[in-house]
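Tertiary structure, described
Here's the letter readout for the chains.
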Amino acid sequence: MADTEKRVTDAEALLLHSSGRPGKLEITPTKPLTTQRDLSLAYSPGVAVPCLRIHEDPALAYDYTAKGNLVAVISNGTAVLGLGDLGALASKPVMEGKAVLFKRFADVDGIDLEVDTRDVDEFINSVRYLGPSFGGINLEDIKAPDCFIIEQRLRELMDIPVFHDDQHGTAIIAAAGLINALHLTGRTMTDARLVVNGAGAAAIACVELIKSMGMPHENVTLCDTKGVVYQGRTNGMNQWKSAHAISTDARTLADAVKGADVFLGLSVKGALTAEMVATMAAKPIIFAMANPDPEITPEEVKAVRDDAIVATGRSDYPNQVNNVLGFPYIFRGALDVRASTINEAMKIAAANALAELAREDVPDEVDAAYSGRRLRYGPEYIIPVPFDPRLIVKVPAAVAQAAMDTRVAKRPIADMEAYGRALRLRLDPTADSLQQIFDKVKANPRRVVFAEGEEERTIRAALAFRSAGYGTPILIGREKVVAEQMAALGLPQGTHLEVRNARLYQSTENQRYTDFLYGRLQRKGMLHRDCQRLVNQHRNVFAACMVALGDADAVVTGLTRDFFTSFEEIGHVIDARPGAPAFGLSVLALRQQTVFIADTTVHERPTAQQLVCIAEGAARMARQMGHEPRVAFLSFSNFGQPMRERAQHVRDAVALMDERGADFEYEGEMSVDVALDHDLMKRLYPFSRLSGPANVLIMPALHTANIGAKLLQKMGGGTLIGPLLINLEKPAQIVQMGATSNELLTAAVMAAHDSLYSAG
């Protein structure tokens, strides 16, 4: 790295840590503290009540305090990253960073504590009495062998999980990668021969975990700065190294790696040479995990062995062994069952869960986070990447189950499926809103047409639709092209999806669809051959005809065409429901609430009658998603103040709604701040009919709806679902161009769900 580049990097790092509020953490209350009554309940005198309850039953601390979601990140700074003994204070930026990662990836609240002592006994006595405050202890950046002693004694003294991440986090991620590397090279834990270079905390933990997963003691050779750790060696030995000494004639690392299947490096840059790699067994597995520079670079390995699988600790190479894949989720699972410890079974469960996840299809959102690099199980993708949203479900659930199986869980989870949903909800605000819909479709599988069936994202969404049990996907496209795409995706041979080719001019379906379309469009200037051309050449038309004539239940499209083109093509075949205009409904899922916004796609300036129909359709959809609708007809005015011409159609819509009646709450015309702030609403307009803040916002025009939905999403940090097409006679959904496979899957399930109501 050039000096200039390094200076810029240093400056950027310092700017991030110093800008605004210094550091990376703050405390945010989870209860309202706006009135004197709030303070009385949260503190004196109200706080006395939970104090007395906890005194009677200590387990109630998990119910009345944050203990169950609180982890202490503790260090004395004697082994800070790759920087060495910097002391407690200088380790604080790292410990704050660790706490941030806990929150970002697993919604665990971490508090950093820096203990200013290098004395092992003093450190232990400082930490052992913190048990009442925390649900778990994450030890960090403590030098070996002190870290072994500290962790072991604290685990004996405390009844909450104590976990030294530098040891076990690295071991778990490395083990996950090793499971897959062995699988790809046709080896097993029982027959592979492993060489580990480095005998510090992480290396010893790797050896112990891998042996507990089935690798024989004699198959593991441990090396340190003095060479091979062999039986009878006395120089530079300790009890932790001695436990892994073997009978061997090898004395150097070069001796040890000859014919070895696997090399694990947790040592220093340059420790493994290209010449050594050349002597290893066929298809060698090399985990060079020294930081910041590995024992050997992937380029150096590939220069002598193009059959090697290589992993490092760096993010700029494939297969990064990154502890953030482990500790947040391991603690999440341990906290959720109130585990008394984190045992070997829980570590192995985490490693297996990570290995399994790497073999699954990777969502587009994950590819996008890594500059669009296509991640697919193979030699350059054996370990999941940190921004994979599935980690929050996969790993904690496996850890929690292992804790229950080994009886260290004080609060077992009765319904693991419900637990998985709760985990998704922690980081994904859409999870709760969509779950009821997904469950209903799963219980009533449907046939859904994916109109753009030759697209890779469509194929992946269709496969996910089928594998999740939502029904049968049907791809519109050419069979040969679809097969080629599926082969390029690396899918197992025999994987099959139903494909319909719209270009087969003589097919019975095409003739039937053409006659149907001609019957609809002959008085709109379309000849029979025009309708035949539409069916044969426009996949949206063909797909919509399948739904209209009962050959499928719903259609999803939009990946390669803009919304309005797709809407027009589907409109040739499918009408809006009588007396109810089709419209677009965007669903904004925030952490604390879900808001429905209409119309965000179709009507440029809806009439009062259209606004009423839109409100009724949006309220119906809100109920289908499990929300009791409170509808607000929005404007820049509040109940006629000020009254302008452009607000009149909104005022008229409310009057029409009053005349026809509704089985849901509604109010307006009103400004958005009043609609969303119920206290403000009641204070200024006590006559308002809404019993709480509005959750269905009926916009006065297309531009305000579209801008408002996207602005709320960006400013509020929520997730936008849709826009969903509402009020069509037959179910169809149109995604945004360039949508991910997950977004396409969601739209397909929404269309399938709509078909349940159309059928019933």
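Residues numbered from 1 in each chain as written. Predicted model: local features only at pLDDT ≥ 70, side-chain atom pairs only at ≥ 80, totals over all residues. Heavy atoms only, no water.

The strand order β7-β6-β5-β8-β9-β10 describes an open sheet built from six strands, whose pairing is mixed. Two strands bound the open sheet, and with one partner strand each, they are β7 (227-228) and β10 (309-312). Sheet analysis places strand β9 (residues 285-288) next to β10, joined by four bridges and oriented parallel. Bridge pairing in β10 places isoleucine 285 opposite isoleucine 309. (Pairing = 2+ DSSP bridges. Helix = DSSP H or I, 4+ residues; strand = E, 2+ residues; numbered from the N terminus.)

Domains assigned within the chain are domain 1 (3-28 + 36-160), domain 2 (168-329 + 342-393), domain 3 (439-518 + 525-552) and domain 4 (598-705). Computed from C-alpha atoms alone, the centre-to-centre distance between domain 1 and domain 2 is 29 Å. In this complex, domain 1 contributes 15 residues to the contact, which on the side of domain 2 involves 14 residues. Roughly 1300 Å² is buried in total at the junction of domain 1 and domain 2, and carbon and sulfur atoms are behind 70% of that figure. Taken together, the connections running from domain 1 to domain 2 amount to zero salt bridges. Counting every contact that joins domain 1 to domain 2 gives two residue pairs in polar contact (both at pLDDT 80 or more). Of all elements in the fold, only α5 (92-106) and α7 (146-157) reach the threshold of two or more residues within the side of domain 1 that touches domain 2. Tallying contributions element by element places α5 first for the side of domain 1 that touches domain 2, with six residues. For the side of domain 1 that touches domain 2, the class distribution of residues is 10 nonpolar, one polar and four charged. (Domains from an automatic or database assignment. Contact = heavy atoms within 4.5 Å. Buried area = accessible area lost by both parts, 1.4 Å probe. Salt bridge = Lys/Arg side-chain N within 4 Å of Asp/Glu carboxyl O. Polar contact = N/O pair within 3.5 Å; in protein donor to acceptor, adjacent residues only side chain to side chain. Nonpolar A, V, L, I, M, F, W, Y, C, P; charged D, E, K, R; others polar.)

Turning our eyes to something else, we now look at the nonpolar core. In terms of nonpolar packing, the biggest core is built from 107 residues, with Ile137, Leu139, Ile172, Leu264, Phe287 and Met346 touching the most fellow members. When residues of this core are assigned to their parent elements, the largest contribution, 11 residues, is made by helix α17 (residues 391-405). Per-domain counts for this core show at least three residues from each of domain 1 (3-28 + 36-160) and domain 2 (168-329 + 342-393). Apart from residues no more than four positions distant in its own chain, isoleucine 172 is found in contact with Phe163, Leu209, Ile330, Lys347, Ala350, Ala351 and Leu354. (Core = buried A, V, L, I, M, F, W, Y, C linked by side-chain atoms within 4.5 Å. Buried < 20%, exposed > 50% of the residue type's maximum accessible area, 1.4 Å probe, protein only.)

The UniProt record marks Val80, Leu81, Gly82, Leu83, Gly84, Asp85, Leu86 and Gly87 with the feature "binding site: NADP(+)" (unreviewed entry), using the residue numbering of this structure. By the secondary structure assignment, aspartate 85 is in the loop between β1 (70-75) and α5. For aspartate 85, a relative accessible area of 40% translates into the label partly exposed. For aspartate 85, the residues in contact, after removing those within four places along its chain, are Gly77, Thr78 and Arg118. In this structure, leucine 86 sits in the loop between β1 and α5. (UniProt positions renumbered as here; feature names shortened; annotations may be inferred.)

The residues that UniProt annotates with the feature "active site" (unreviewed entry) are Lys98. Tracing the chain through its elements places lysine 98 in helix α5. With residues near it in sequence (within four places) discarded, lysine 98 still touches Val73, Asn138, Glu140, Asp165 and Phe327.

Moving on, we come to the pairing of β1. Along β1, six of the six residues are buried, which leaves the element largely enclosed by surrounding structure. Burial of β1 is two-sided: the residues Leu70, Ala72 and Ile74 facing one way and the residues Val71, Val73 and Ser75 facing the other way are all buried. Inspection of the sheet shows β1 paired to strand β2 (residues 109-114) by six bridges, in the parallel sense. The residue bridging alanine 72 from the neighbouring strand is isoleucine 111, located in β2. Handedness of the crossover joining β1 and β2 through α5 is recorded here as right-handed. The sheet contact formed by β1 and strand β3 (residues 136-139) spans four bridges and is parallel. Within β3, the position partnered with isoleucine 74 by the bridge is leucine 139. (Right-handed = clockwise from strand over helix to strand, strands pointing away.)

An order of β2-β1-β3-β4 is seen for the four strands of this open sheet, with the pairing classed as parallel. Two strands in the sheet have a free side with no partner beyond their single neighbour: β2 and β4 (162-164). Neighbour-to-neighbour, the strand axes of this sheet turn through a mean angle of 25°, independent of strand direction. Inspection of the sheet shows β3 paired to β4 by three bridges, in the parallel sense. (Axes fitted to C-alpha atoms, helices over the stretch in contact; angles between N-to-C directions.)

Together, Leu81, Leu83 and Leu86 make up a nonpolar patch on the protein surface, roughly 320 Å² of accessible area in all. Look at leucine 86 and you get partly exposed, because its relative accessible area is 39%. (Patch = residues over 30% accessible without salt bridge, like charges linked within 9 Å, V, L, I, M, F, W, Y side chains within 5 Å. Areas by Shrake-Rupley, 256 points an atom, 1.4 Å probe, with all protein chains shown as cover.)

Burial within strand β17 (residues 630-634) is extensive, with four of its five residues counted as buried. Looking at chain direction, β17 and strand β18 (residues 665-670) are connected through five bridges and run parallel. Within β18, the position partnered with valine 631 by the bridge is tyrosine 666. Taken together, β17, helix α27 (residues 648-660) and β18 form a β-α-β motif whose crossover is right-handed. Bridge count between β17 and strand β19 (residues 696-698): three bridges; the pairing is parallel. Across the sheet, the residue bridging to alanine 632 is leucine 697, located in β19.

This brings us to the side chain of glutamine 320. Within the element layout of this structure, glutamine 320 appears in the loop between β10 and α14 (327-336). Of the polar contacts made by the side chain of glutamine 320, one reaches the backbone oxygen of glycine 313; its length is 3.2 Å. Sequence-distant contacts of glutamine 320, that is, excluding residues within four places in its chain, are made with Thr312, Gly313, Arg314, Ser315, Leu325 and Ile383.

What follows covers α27. Taking 1.5 Å per residue as the helical rise, α27 with its 13 residues ought to reach 18 Å, and the 19 Å between its terminal C-alpha atoms agrees with that figure. His649, Val650, Ala653, Val654 and Met657 are the residues of α27 that are buried. The arc that holds every buried residue of α27, seen down its axis, measures 150°, which confines them to one face. Those residues of α27 that are buried lie in contact with α26 (608-624), β17 and β18. Directly beyond the C-terminal end of α27, a positive phi value near 80° is found at glycine 661. (Expected span 1.5 Å × (residues − 1). Arc of directions from axis to C-beta.)

Right, let's get into the packing of aromatic side chains. Under the criterion given, the structure shown has 15 aromatic pairs. Ring plane angle 85° and centroid distance 5.8 Å describe the contact between phenylalanine 163 and phenylalanine 331, whose orientation is recorded as edge-to-face. Of the two residues, phenylalanine 163 sits in strand β4 while phenylalanine 331 sits in helix α14, which places them 168 residues apart along the sequence. The pair formed by phenylalanine 163 and phenylalanine 331 is uniform in burial state, with each residue classed as buried. Both rings, one in tyrosine 685 and one in phenylalanine 687, keep their centres 6.0 Å apart while their planes meet at 70°; by these two values the pair is edge-to-face. With relative accessibility at 52%, the residue phenylalanine 687 sits in the exposed group. Grouping aromatic residues by their ring pairs yields a cluster made of Phe102, Phe163, Phe327 and Phe331. Residue placement shows lysine 98 over the ring face of phenylalanine 327; its charged tip is 3.9 Å from the ring centre. Here arginine 251 stacks its cationic end above the ring of tyrosine 230, 3.6 Å away from the centre of that ring. (Phe/Tyr/Trp six-rings, centres within 6.5 Å; stacked < 30°, edge-to-face > 60°. Lys NZ or Arg CZ within 6 Å of the ring centre and 35° of its normal.)

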